[in-house]
Structures are given as structure tokens and as C-alpha cells.
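Residue-level listing of the chains:
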Amino acid sequence: MNERLRPWLHNSITVLAWRLFLAYVLLFILRVIFYLLNTDTLGPMAWAEIPALVRGGLLFDTANICYCYCLFVVLSLLPLRARARKGYQRMLFWIWMVVGAVIVLTNLSDSVYFHYAKKRVTVDELHFAGNDNTGHILWKAAGENWYLILVAAALLWGMAWLYRRVKPAPIRIKSNWVFVFVNTVLTLGSVVLLVGGMRGGLSHAIRPIAMSNAAQYAVSPAKASVVLSNPFCVLRTISNKKISYVKYFPTEEELAARYTPYHYPAPDSLRHSRFGTQKGKNILVFVLESFSYEHSAYLNPELYKGEVSYTPFLDSLMRHGYLFRRGYANGRKSIDALPSVLSSIPSFKTPFVITPQSLGETRGLGRLLGEEGYSTWFFNGSENKSMGFVAYAKLSGVENARTRENYEARMGKKDYDDYWGIWDGPFMQYMARELDDAPKPFFATIFTLSSHHPFVVPAEYEKILPQGRTKVQQPVAYTDRSLRDFFDYAKGQPWYDNTIFVFTADHVSSEVYGDESKAPTGNSHIVFFMYTPDGSLRGDDYHVAQQIDLMPTLLGLTGYDKPFFAYGQDIFEVRADSLRTSSRAFAINYLNESFQWITDSTAMFFDEHEVTHLFDLRNDPLEQHNLIERGAKPDPEQVEKMKALLQTYYEHLEKSDFVVR
């Protein structure tokens, strides 16, 4: 190389630019890996989508690099002649490599986690790192994805090799004050640029970019996750303890006119007459791990033409119960389900359970029915402290909990599955005996666990049950078999005929097969129905329903006539107004950094400021054609109702206020 060019090509600015360029290349490679490992969920990539995704990726990668390499950048430009020494350069190298290792490991972990959770890792996931089985589960995941360890090693080796290809030239500026002045200006300038990069721009009119901004660069909501990367997602959610939200309506009157969580029931005699009286009946709610709508051959005859069903027993109950064909989960994770089911409180950006506000007074089904004379129970085969399930059940007012510890104290340790807890089959039999002795009427909830990753079944069932099209379906078939065995026993007990059985999934499975299940709305579509042995609850309902509707609906069925707080609505009260059912039925959840609002005919995605995507579910069930891009406008009444619900939700969350005063 020409020695006269060397100082210019190897000065501090060009060397730093080369190293930052390597960081962009690294993030690009990791984004490609993320997409390739999640193609089934994210869908095919059209050429027309790529420019916008690249622009969005560059914006978020710049923020990521500015957050992660801010110390490295400043140290690379400080007005110190010591920068040229080997020790200083060695320090910079290791800062570079440690940060790079964090970027590689978090993004590769993200690629695996997204497959199961359908979201990027944020600070919320760190809340669950203390579970006793976390190490075991992570070791299992590492074994299943061993090739990513090799990829990580190759990327880190490549980073180190390329980093060392370009080294800074010796500092040859003779005038010390010139050296100090120039490098001070460069350092201060870099700080300004770093802050601008973290914010997403230097203009004072630009809000600091958040994860939700990714939706602006994606044709479909699912692909917003392609734009994002980590550690940005973790760093940008660390400060989420402070609740911030948009106030769409300035007065309480305007807000309440569009939506209110306060319920003032009509007298019992005026409600649900077509179902007869359900007052005084026991209630048993099954929260079924990962029971997506698509697992059922009865619900998806076109998907499983002539094939065996993975839920044959549940299919038989659906035929004789009240089936919500368009039932949706309000969350993406298991921990989101309990507040939705037990207290009619959804989870959006952050699981409600892990917010400090969840410790406020909550009058859920356990407390309300307990005050009406019900004994209240929660069953889960995991450890008492696992995932905070028992803690939240207690917060909602449930008095009695039975977990792995209780089971093993009575039945021994032979039925532990080595990962999460007691197999569903023996644990349901244990629950049945506990309910035999429970004071009547009872309100009980069981959260199953055997259909969770790592998707294993007891050895004696491996050859008996169908393998399934996805890894989760054999465990789903096992849980369905366990339900059959439970009902075979329960039918002989005096409490059986006087019980309302409720079935809902916690969320959609991470493993999906059908095209509709891969679409955003389909990725929230769950098994959801009620069954009564006396046949009093029967129907085939094609209107939208959701988990948070369970609490007001069950209270309505049992004749509860006192005011209560719930974000959902009494499904049967809505259905009674047949002329307005379609306009009143809705479901809401938070998906890919946007709020998803589902009605009987449409699905729209809202980033807190505007509707970014609108789909016609009747003519476009795969949600491939964003009507917003074609000039369509969403229904203003639905938009206002959604905004009112969100404002109400965050106002009450801010005040930790979840009761009718």
C-alpha cells in the first residue's frame, strides 16, 4: 500500500467506520438467519417488501449499534495518545468482541424463542429466568438447536478476523493542541450522532423509536419482527415500568360513552332465559396449554380430510356443547392467560402479572364466586412458584391451590415429566379426587402443561398416539386422552351433572400447520367452548369471542347481580341483541408491536397512533391484502371503541384500580 495513503485509510475515523460497518453486516446476517428459521410463521418474502424492510432494518440496526457500541465509539475517539498503544487497542478489541457476542447470542436465541412465542425477546422474559426448571429447559433447547452454537462460533470468529484486518496507523500529529482539539470535536460529534441514532433521528420533532415503529416498514404485521433485533428490544423495554399511553378522549364522559369496564348486571330473571337456570352449578375451567384451533379435525374438516383428529374427545364434547368457533386468546404467553380468564384483564405490551400494578385489589372470579358461597380452587402440575400461576390465582381470589408439591406428597414422585411438572393424565385424576371432597358448589381452574415444549409424552403413549403434523400434536393428543380419562371418572361422581365445563387454550401453539393459523388473526385462534352434561348449554356460535369474555359470561350464567369490573363482555348478553351482535362482538390482543382488533368481518392493526393494516377476513382469511394501502378506511366506530378500551386499560393500570368503587 502507498505509504502516503496509509494514514488516511487507517486513521481513527476510517478504522472506526470499518468496524461499525462490520456490526451492520453482522446484524444483517442475523436478520437473515432469523427469517430463515421462522419462515413458516412469517410467510414468504415478496421482492416488493424488501426495500421497506431494509430501510426499517437500517433504522433499528443503527439504534442497536448506537446503544451497544456507544462506549466503544467514544473510547475509539477520545483525545488520548494512549489510543495507539497495544494495551489500549487490546481493550477496544475485547469490548468489541464482548458486545458482539451479546448481539450474536441474543439474536440467535431470539430466532428460536420467536418460533414459540411469536414475539422478540424483551425485558419481560427475564422475569421468568428464575424458574427452577429454566436451566433444564435451556439445555434442552440448546441440544435441539446445536447447529446455532456452531453458527455463533463462526460469526464470532469472522468478527475477530475482520476486525484485525484493518488497524489504525500510528498517531503522527506533532501539535498536541491540534490533536486534542480535533479529537475532542470528533468525540463530541460522535456523542451527538449516537444520541440521534438511539432516538431514530436528530430532529426534535422525532419521538425516540420504539418497537412499535417496526410496523411502519412491514407489509404484514408478522414481518415487523424481521425489522427488529436485539439487544435493542431488551434495552428499549427496561424502562417500561413507567406507564405511558395516549389519551384519545379528554373527558370521562367521552370515554365512557364508547367503552367502560364497569358492569351493572340486570336482574337474573332477565338474562339467559334460553339456557335455563345455571345458578348454583359447579364451574370447572380447563386452560389447555397450546390448544390452537387447528388441532381439532372437527373444527378443521378441510385441513384433515379423512385423517385422525388430535382432539377426538374434545371434538365429541364440542358437538354437544356451546362452541365459539371464533374464539381468540388475549395474549401470546401462558402467563397472559390467567388474568384474562380469571379476572377479565388482558395483557398487552407487558404481561399484566409482572406489572407492579397487578398487586392492586382485583376482584376476579375466585373472589366474586367465593362471596356467593363457592369453594374456589386452582390446579397446576408445576411447582407452586412456577410462572407465577398460583400467585396470580390467589390475587384473583382463589382460596385453594394444588400443585406438584401437593401431588407428590400424596402420590409420590414417579409422575414427574422431567421438565415442567406432573403429567396431565395422573394430575387430572388427582384433581378429580380433590373435587370429590371439595365443598359444593365449587369454582375450579386447571392449567394443563403436557402440551408445552419440549413436546414429550409418557413412554407408554409414544406408540399409541398419532405423531401429528407438528411436534406439539402428539402431546395435544395425550392431553385430550387425559381429558377422556378424567371425564370417564367424573361421570360416576354426584357433582358431574351439576357442572359447567369450560375449555379454553392459554394461547396458540408455537407449532402450526395450516395457512390460516400462520396468518396474524389465525395465530390467536384457539379452542374455546362450554359443555354441560344436561345439555342446557348448546349452540354453534360464529361471532367473535375472547378469553376476557369468560368472567362476565360465567357470572351472567350463574345469576350474579352485583356490579363488577371486567374488560370483556357477557357473550350471551351480546348475542341476545341479535341485530347488533356483529357490531358489538370483538377481540383484542397485542401482536408484533401492534394492537390487533378483530371483529366478525375485519382485523385491524393499530400502533397507538394510526391503523397501519386492515384486512377483510371474509374474503381474505390469510390476510395478504392490506386494505389501508388501497385507500380503504377502517370503521370509525370500531376505531373509537378500540381507542377507548386502550385508554381505559392504561388509566386503570396506572392507578392500579380494577374494582367498581
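The structure we're discussing is the one just above.
Numbers given for residues are sequential positions, taken from 1 along each chain in its written order. Reporting in this predicted model follows two pLDDT cut-offs: at least 70 for local features of residues, and 80 or more for side-chain atom pairs to be given and counted; totals over whole chains, interfaces and linings ignore these cut-offs and use all residues. Only heavy atoms go into the side-chain values, all of them from the structure, while hydrogens and water stay out.

## A short note on unusual backbone geometry
Line of reasoning, step 1. In this structure, the amide linkage connecting Lys-440 to the following residue, Pro-441, adopts the cis form with an omega of -5 degrees.
Line of reasoning, step 2. By the secondary structure assignment, Pro-441 is in the loop between helix 19 (424-437) and strand 6 (442-447). Under the DSSP-based scheme used, a helix requires at least four consecutive residues in state H or I and a strand at least two consecutive residues in state E, with every element numbered from the N terminus.

## Topic: the packing of helix 2 (residues 12-37) against helix 5 (residues 70-77)
Line of reasoning, step 1. Angular values range over 0 to 180 degrees, each being the angle between N-to-C directions of two axes fitted as lines to C-alpha atoms, with helices fitted over their stretch in contact. It is at 10 Å that the axes of helix 2 and helix 5 come closest, and there the two elements cross at 165 degrees. What the angle tells us is that helix 2 and helix 5 run roughly antiparallel. With respect to the hand of their crossing, helix 2 and helix 5 are arranged in right-handed fashion. Contacts from Ser-12, Ile-13, Leu-16, Arg-19 and Leu-20 of helix 2 reach helix 5 at Phe-72, Val-73, Ser-76 and Leu-77.
Line of reasoning, step 2. Classifying every residue of the contact of helix 2 with helix 5 by side-chain character gives 6 nonpolar, 2 polar and 1 charged. Angles below 35 degrees are treated as roughly parallel, those above 145 as roughly antiparallel, those between 65 and 115 as roughly perpendicular, and all remaining angles as oblique. The handedness criterion is simple: a crossing whose near helix is rotated anticlockwise from the far helix by less than a right angle is left-handed, and one whose near helix is rotated clockwise is right-handed. Two residues form a contact once any of their heavy atoms are found within 4.5 Å. Put simply, Ala, Val, Leu, Ile, Met, Phe, Trp, Tyr, Cys and Pro go in the nonpolar bin, Asp, Glu, Lys and Arg in the charged bin, and everything else, Gly too, in the polar bin.

## Description of the sheet that holds strand 8 (residues 528-531)
Line of reasoning, step 1. A pair of strands counts as paired when DSSP detects no fewer than two bridges linking them. As summarised here, the arrangement of the 8 strands in space is 5-4-6-2-7-8-3-9, forming an open sheet in which the pairing is mixed. Whereas interior strands pair on both sides, the edge strands pair on one side only; in this sheet they are strand 5 (400-402) and strand 9 (539-546). Each neighbouring strand pair of the sheet contributes to a mean axis angle of 15 degrees, computed without reference to strand direction.
Line of reasoning, step 2. Note that strand 4 (residues 375-380) and strand 5 share 3 bridges and pair parallel. In the strand pairing of strand 5, Phe-378 is matched with Ala-401.
Line of reasoning, step 3. Strands strand 2 (282-288), strand 7 (499-505) and strand 8 of the sheet are contacted by helix 20 (residues 473-490), whose axis makes an angle of about 165 degrees with strand 2.

## A few points about the nonpolar core
Line of reasoning, step 1. We call a set of buried Ala, Val, Leu, Ile, Met, Phe, Trp, Tyr and Cys residues a nonpolar core when their side-chain atoms join them within 4.5 Å. The classification of residues rests on relative accessible area computed with a 1.4 Å probe and restricted to protein chains. Under 20% of the type maximum is buried, over 50% is exposed, and intermediate values are partly exposed. Phe-286, Phe-486, Phe-487, Phe-501 and Phe-503 are the most contacted members of the largest nonpolar core, which has 119 residues in total.
Line of reasoning, step 2. It is helix 25 (residues 636-655) that provides the largest number of residues to this core, a total of 8 residues.
Line of reasoning, step 3. In terms of nonpolar packing, the next biggest core, distinct from the first, is built from 35 residues, Leu-20, Leu-30, Ile-103 and Ala-152 among them.

## A look at a nonpolar patch on the surface
Line of reasoning, step 1. Candidate patch residues must exceed 30% relative accessible area and have no salt bridge, after which like charges are joined if within 9 Å and Val, Leu, Ile, Met, Phe, Trp or Tyr side chains if within 5 Å. We get accessible surface area from the Shrake-Rupley algorithm with a probe of 1.4 Å; when it comes to residues, only the shown protein chains can shield them. By convention in these notes, a salt bridge is any Lys or Arg side-chain nitrogen within 4 Å of a carboxyl oxygen on Asp or Glu. Residues Phe-21, Val-25, Phe-28, Ile-29, Val-32 and Leu-36 make up a contiguous nonpolar surface patch of about 530 Å² in total accessible area.
Line of reasoning, step 2. Inspection of the secondary structure puts Phe-21 in helix 2.
Line of reasoning, step 3. What makes Phe-21 partly exposed here is its relative accessible area of 46%.

## Considering the pattern of salt bridges
Line of reasoning, step 1. Applying the stated rule across the entire model yields 16 salt bridges.
Line of reasoning, step 2. For Asp-61, the salt bridge is made with Arg-31, and the minimal N-O distance between the two is 2.8 Å. Residue Asp-61 is found in helix 4 (residues 50-68), and its partner Arg-31 is found in helix 2; the two are separated by 30 residues along the sequence.
Line of reasoning, step 3. The exposure class assigned to Asp-61 is buried, which follows from its relative accessible area of 2%.
Line of reasoning, step 4. With its nearest N and O atoms 2.6 Å apart, the salt bridge here joins Arg-363 to Glu-371.

In short, shape yes, function no, at least from these values alone.
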